[in-house]
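Structural overview
Letter by letter, the chains look like this.
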Amino acid sequence: MNIRLIATDIDGTILPPGGSVSPATRHVVAQCRLKNIPFVICSGRWYPNAHATALDAGLSGSDYLLAVNGNLIATMDGGVIDENPIPTSEAERIHAMTREDSETLMSFHRNVLYITSRTGFFPRHEGVHGTIGGEEYRCEHLSMAEYERRALKMPLKLEALNRDQQALERMRHRLVAAGLSVSSSCPHNLEIMTQKMGKGHGVSRLAEILGIQKSEIMVFGDYTNDLDMFQAAGWPVAVGNAVEELKNAARMIAPRCEEDGVARTIQKYVLGEQ
């Protein structure tokens, strides 16, 4: 097995609920660096939120980070390599299909995350801000009118949240019927993009930049927003706690997240450690 690029999701894949990055994960990151194998975080999270976990895993400097479902390819020191935004007209169309059935709407841009909410149901991104590589990142809470005026201009991803599963399914049905890319990273959200966007596009684009073939890529995930990333890799690996849809698309099933499934798989099949 000749693996030259490894990409992994964060939540539920290398980071268990309420947990932290394990010493085993930090070990494989360090060993991959010694072998010149890029270990890349590929997450639905916004850049500074993903950056904090990547930093904890031992990534730094010119190491790569794929944020906002792979639609932002950047380095840990804040350098932007590639962006793949939703056209404004498409963002407005998506908004029209999600506005009424959402508790909370989110619009992800490179250095700002816009949120509007009817109920105060906020995800983990709430309050994330700071400066990375000399650039300020901020989270802004807007009225619906301000959100519609400011947040729909070329976003990297749109997200709709509702704890009511029937409302989520109504939105999902409308969005899929309209030909949009719809996935989830948790039971209460829909991550919405146009076709040819997502983690798979990000991994493929980075591999192209680095001159790496699909057969040389190993990826790890646990939820449906990892599906297109699986299609971009020769070695798609689902952790044991992954949803069945992702397991069915995997070439290999790793131990569960809380059992260091990602680290153990890399140690055995990539690094040759026992």
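The sections below set out a description of the structure shown in this document. It should be emphasised that the depicted structure is a prediction, and the values quoted were computed from it without experimental measurement.

**Points about the sheet that holds strand S15 (residues 252–254)**
- With respect to topology, eight strands assemble into an open sheet ordered S5-S4-S3-S2-S1-S13-S14-S15, the strand pairing being mixed. Every interior strand has two partners, whereas the edge strands, strand S5 (80–83) and S15, have only one. Looking at each pair of strands side by side, their axes are set apart by 20° on average, direction ignored.
- Pairing between strand S14 (residues 235–239) and S15: three bridges, direction parallel.

**Points about the packing of helix H1 (residues 23–34) against helix H9 (residues 261–269)**
- Close contact between H1 and H9 brings their axes to 8 Å; oriented N to C, the two are set at 40°. Read as a crossing pair, H1 and H9 show a hand that is left-handed. The segment H1 lies against H9, with Ala24, Thr25, His27, Val28 and Cys32 engaging Ala263, Ile266 and Gln267.
- Here the contact of H1 with H9 is built from residues that sort into five nonpolar, three polar and no charged.

**Regarding the sheet that holds strand S9 (residues 135–141)**
- An order of S8-S9-S7-S6-S10-S12-S11 is seen for the seven strands of this open sheet, with the pairing classed as mixed. Lying at the two open borders of the sheet, with one neighbouring strand each, are strand S8 (130–132) and strand S11 (181–183). Here the strands of the sheet are splayed against their neighbours by 20° on average, with no regard to which way each runs.
- Of the strand pairs in this sheet, S8 and S9 are connected by three bridges, and their pairing is antiparallel.

**What to know about unusual backbone geometry**
- Of note, Asn36 is a non-glycine position whose phi angle comes to about 60°, a positive value.
- Its place among the elements puts Asn36 in the loop between H1 and strand S2 (39–42).
- Overall, Asn36 belongs to the exposed group, its relative accessible area being 68%.
- At Asp260, a residue that is not glycine, the phi angle is positive and equals roughly 60°.
- With respect to the helices and strands, the residue Asp260 is situated in the loop between S15 and H9.
- Under the relative-accessibility criterion, Asp260 is labelled partly exposed at 22%.

**Comments concerning the pairing of S2**
- Residues Phe39 and Ile41 of S2 are buried on one face, and the alternating residues Val40 and Cys42, pointing to the opposite face, are buried as well.
- The pairing of strand S1 (residues 5–8) with S2 spans three bridges and is classified as parallel. Residue pairing in the sheet places Ala7 in a bridge with Val40 of S2.
- Between S1 and its parallel partner S2, the chain crosses via H1, and the hand of that crossover is right-handed.
- With respect to chirality, the unit in which S2 leads through helix H2 (residues 47–57) into the neighbouring parallel strand S3 (residues 64–67) is right-handed.

**Brief notes about the packing of helix H3 (residues 88–98) against helix H5 (residues 165–177)**
- Close contact between H3 and H5 brings their axes to 9 Å; oriented N to C, the two are set at 145°. Handedness of the crossing formed by H3 with H5: right-handed. Residues Ile94, Met97 and Thr98 of H3 form the contact with H5, whose participating residues are Met171, Arg174 and Leu175.
- Residues of the contact of H3 with H5, tallied by class, amount to four nonpolar, one polar and one charged.

**Considering the state of the cysteines**
- Taken as a whole and assessed by the stated rule, the structure comprises zero disulfides.
- Among the cysteines around Cys32, which has no disulfide bond, Cys42 carries the closest sulfur, lying 16 Å off.
- Residue class for Cys32 comes out buried when judged on its relative accessible area of 0%.

**Some details on the nonpolar core**
- Ile6, Phe39 and Ile266 are the most contacted members of the largest nonpolar core, which totals 68 residues.
- Discounting residues that sit within four places of it in the chain, Ile266 has contacts with Ile6, Val28, Cys32, Phe39, Phe220 and Leu271.
- By size, the runner-up hydrophobic cluster in this structure holds 22 residues, among which are Leu105, Leu168, Leu180 and Val182.

**Digging into H9**
- Here H9 has its buried residues at Gly261, Val262, Ala263, Thr265 and Ile266.
- Against the buried residues of H9 lie S1, H1, S2, strand S13 (217–221), S14 and S15.

**Comments concerning the pattern of salt bridges**
- This structure, assessed with the given rule, holds 25 salt bridges.
- One network of salt bridges, in which partners are shared, links Arg138, Glu140, Glu146, Arg149 and Arg150.

Thresholds, definitions, all that
Residues numbered from 1 in each chain as written. Predicted model: local features only at pLDDT ≥ 70, side-chain atom pairs only at ≥ 80, totals over all residues. Heavy atoms only, no water. Pairing = 2+ DSSP bridges. Helix = DSSP H or I, 4+ residues; strand = E, 2+ residues; numbered from the N terminus. Axes fitted to C-alpha atoms, helices over the stretch in contact; angles between N-to-C directions. Left-handed = near helix turned anticlockwise from the far one by under 90°. Contact = heavy atoms within 4.5 Å. Nonpolar A, V, L, I, M, F, W, Y, C, P; charged D, E, K, R; others polar. Buried < 20%, exposed > 50% of the residue type's maximum accessible area, 1.4 Å probe, protein only. Right-handed = clockwise from strand over helix to strand, strands pointing away. Disulfide = S-S within 2.5 Å. Core = buried A, V, L, I, M, F, W, Y, C linked by side-chain atoms within 4.5 Å. Salt bridge = Lys/Arg side-chain N within 4 Å of Asp/Glu carboxyl O.

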